[in-house]
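Residue strings, one per chain:
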Amino acid sequence: MSAPAPTPVSAPTRARAREPFDRRLARAVQTVTGRSLGPYQSAIVRIGFSLTWLLFLLRELPHRHQLYGFESPWSWGMAERLIADNRAFTVLLWSDGRIWFEIVYALAVLSAALLLVGWRTRAVSVVFMAGVLSLQNRAVFVGDGGDNVLHLAAIYLVLIRCSQVWSLDARRAAREDRAARAGEPPRRDLTGPLLWVVLGGFLVATTWFADVTGEWWIPVLLWALWLGNGLWWLVRRYAPGEPRTLLDALANLAHNGALLVLMAEVCLIYATAGWYKVQGSRWQDGTALFYPLHLDYFTPWPALSELLAASGIMVMVLTYGTVIVQVAFPFTLFNRKVKNVLLVAMMLEHAGIAVLLGLPVFSLAMISADAVFLPTVFLVALGARASRVRDRLLRRAPEKALPEQRRADGQGPADGERPAGGEHGPRTLVG
């Protein structure tokens, strides 16, 4: 018998096999520093977490004093002793006065609303982080699990370039780009420097109260962010060559690193939750879901909970399905189709938790974190449909696609526009 003919190898495969290691390394460095990956994913994460925090603050507005203020069972003195021990960051310990509390709460609401629409995102994200950490660390026992996810996400959003698309910053950058192409002189920006000066005064106060604010590195981090934004503004206007390229590469590196950490955190949450469930006897026999459906605290719709709990098969399927999805998800990230199916299942699971168990903040926070894995094609189509609905509601002609929304917070195509080559950039875990 004659030997089988060798399988032909394509030219691109042979080229990759012969490519030197240093060239592959250079290409990898270029990938993580040349542009900000996942612009649509980072935008939907920004929208999701800011909306979650804003809805929570508005829902608890009548009860804010009992949760975080002077009427809280966790008194100001108890919080002071705890912060002195764990050194968590909060500006509420600067004063125990009612006026100071109302100012902090109002700024938390305002920063969440501004981050939601993407206005001056670099500065507002820092105020958003300060509001989240200050209120949550003031009363650490207030929350349902979603507060921990939001706590960490508020820190990541400071480093993520989350206003490349679907933001007022992107619209402003597109207008500036069109004006520059038309040869018009750049408009004078007074809001940015004024906001920078105001936040500098806040940092002076943070440094003054450093002994009751938290760890020493927190003011250092805030000062580094403040000075970095000032340096960015100066370089952008007076040194747009290599200094701008260097700062842009560092910002891309920070963005991509923070986005990767967020993805790893989501995988860690589901992996640990799934494997701990595997060890529980109630999860092993398929009855774990039965018990919370009979607790008054977790049954906002008693009739619906009783209807679901009455079906033993449905309880068993949902119990085992929850464990399987949570354990399997981290292992399916490199299989796009399976990952998308499990992603939909997890989002539906959290929607069910919000309705059946009355935990909307936890569910919204987890759905917002899951959104980092949504496919780019789906998000682009979602943005285009939202634009059409907006135009229909406002009864105006659809806007033409903007060339590139890159000056607001990074680089990337406009909403609904496809990059050259007909694809939405290189394939990654986030898209």
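Definitions and limits used
Chains are numbered independently. Their residues run from 1 in the order of the written sequence. Per-residue local features are limited, in this predicted model, to residues with pLDDT of at least 70; the limit for side-chain atom pairs, both in listing and counting, is 80 or more; totals at the level of whole chains, interfaces and linings are taken over all residues. Just so you know, side-chain values use all the structure's heavy atoms and leave hydrogens and water out. Starting at the N terminus, helices and strands are each numbered in turn, a helix being any DSSP run of H or I of at least four residues and a strand any DSSP run of E of at least two. Burial here depends on accessible area, computed with a 1.4 Å probe over protein chains only, as a share of the maximum for the residue type. Under 20% is buried, over 50% is exposed, and the range in between is partly exposed. Contacts are assigned to residue pairs with any non-hydrogen atoms lying within 4.5 Å of each other. Only the protein chains shown count as cover for residues, and the accessible areas themselves come from Shrake-Rupley with a 1.4 Å probe. Within 3.5 Å is the distance limit for a polar contact, defined as a pair of N or O atoms, with the added protein rule that one can donate a hydrogen and the other accept it, and that residues adjacent in sequence qualify only through two side-chain atoms. UniProt positions are given in the numbering used here, feature names are shortened, and annotations may be inferred rather than shown by experiment. The term salt bridge refers to a pairing of a side-chain nitrogen on Lys or Arg with a carboxyl oxygen on Asp or Glu at a separation within 4 Å. The aromatic pairing rule takes the rings of Phe, Tyr and Trp, using the six-membered ring of Trp, and pairs them if the centres are within 6.5 Å, calling planes under 30 degrees apart stacked, those over 60 edge-to-face and the rest tilted. When the NZ atom of lysine or the CZ atom of arginine is within 6 Å of a ring's centre and also within 35 degrees of its normal, the charge is said to sit over that ring.

The chain goes by HTTM domain-containing protein in an unreviewed UniProt entry, where it is assigned to Streptomyces bikiniensis.

What follows concerns the overall build of the chain. Across its full length, the chain holds 19 helices and zero strands. Across the 431 residues that make up the chain, the buried fraction comes to 41%. In the chain, of all internal contacts separated by at least 6 residues, the share reaching a separation of at least 24 is 75%. Split by element, the accessible area of the chain, about 23800 Å² in all, is 68% carbon and sulfur.

So, about the environment of Ala-271. Summarising the element assignment, Ala-271 is placed in helix α13 (residues 242–278). As for Ala-271 and Phe-331, which are separated by 60 residues in sequence, their C-alpha atoms are 9.5 Å apart. Residues contacting Ala-271, with those up to four places away along its chain left out, are Gln-326 and Pro-330.

Looking at where Ser-72 falls in the secondary structure, it is placed in the loop between α4 (64–67) and α5 (76–86). On the accessibility criterion, Ser-72 (8% relative accessible area) is buried. At a separation of 3.1 Å, a polar atom in the side chain of Ser-72 contacts the main-chain amide nitrogen of Trp-74. Every residue in contact with Ser-72, bar those within four places of it in the chain, is listed here: His-65, Gln-66, Leu-67 and Arg-138.

UniProt's entry tags residues 99–119, 190–210, 216–235, 256–276, 307–329, 341–359 and 365–386 with the feature "transmembrane region" (unreviewed entry), counted in the numbering of this structure. Helix makes up 87% of residues 307–329 and strand 0%. Its end C-alpha atoms lie 29 Å apart. In residues 365–386, the share of helix is 77% and the share of strand is 0%. The end C-alpha atoms are 22 Å apart.

What the rule picks out here adds up to ten salt bridges. A salt bridge links Arg-64 to Glu-102; the shortest N-O distance between them is 3.1 Å. In this pair, Arg-64 is assigned in helix α4 and Glu-102 in helix α6 (residues 98–117), connecting sequence segments 38 residues apart. By relative accessible area, which is 17% here, Arg-64 ends up buried. The partner of Arg-120 in a salt bridge is Asp-189, with the nearest N and O atoms 3.0 Å apart. With Arg-120 in the loop between α6 and α7 (121–138) and Asp-189 in the loop between α9 (168–181) and α10 (191–208), this pair connects stretches of sequence that are 69 residues apart.

The next thing to look at is the packing of aromatic side chains. Centre-to-centre distance and the angle between the planes together describe a pair of aromatic rings. Considering all chains together, one arrives at 14 aromatic pairs under this definition. Geometrically, the ring pair formed by Trp-74 and Phe-141 is edge-to-face, given 5.1 Å between the ring centres and 75° between the ring planes. On the criterion of sequence distance, the pair formed by Trp-74 in the loop between α4 and α5 and Phe-141 in the loop between α7 and α8 (146–159) is long-range, its members being 67 residues apart. When the ring of Trp-94 is compared with that of Trp-100, the centres are 5.4 Å apart and the planes differ by 15°; the resulting orientation is stacked. According to the relative accessible area criterion, Trp-94 is buried, its value standing at 14%. The ring of Trp-119 has Arg-120 sitting right over it, with the charged end atom 5.9 Å from the ring centre.

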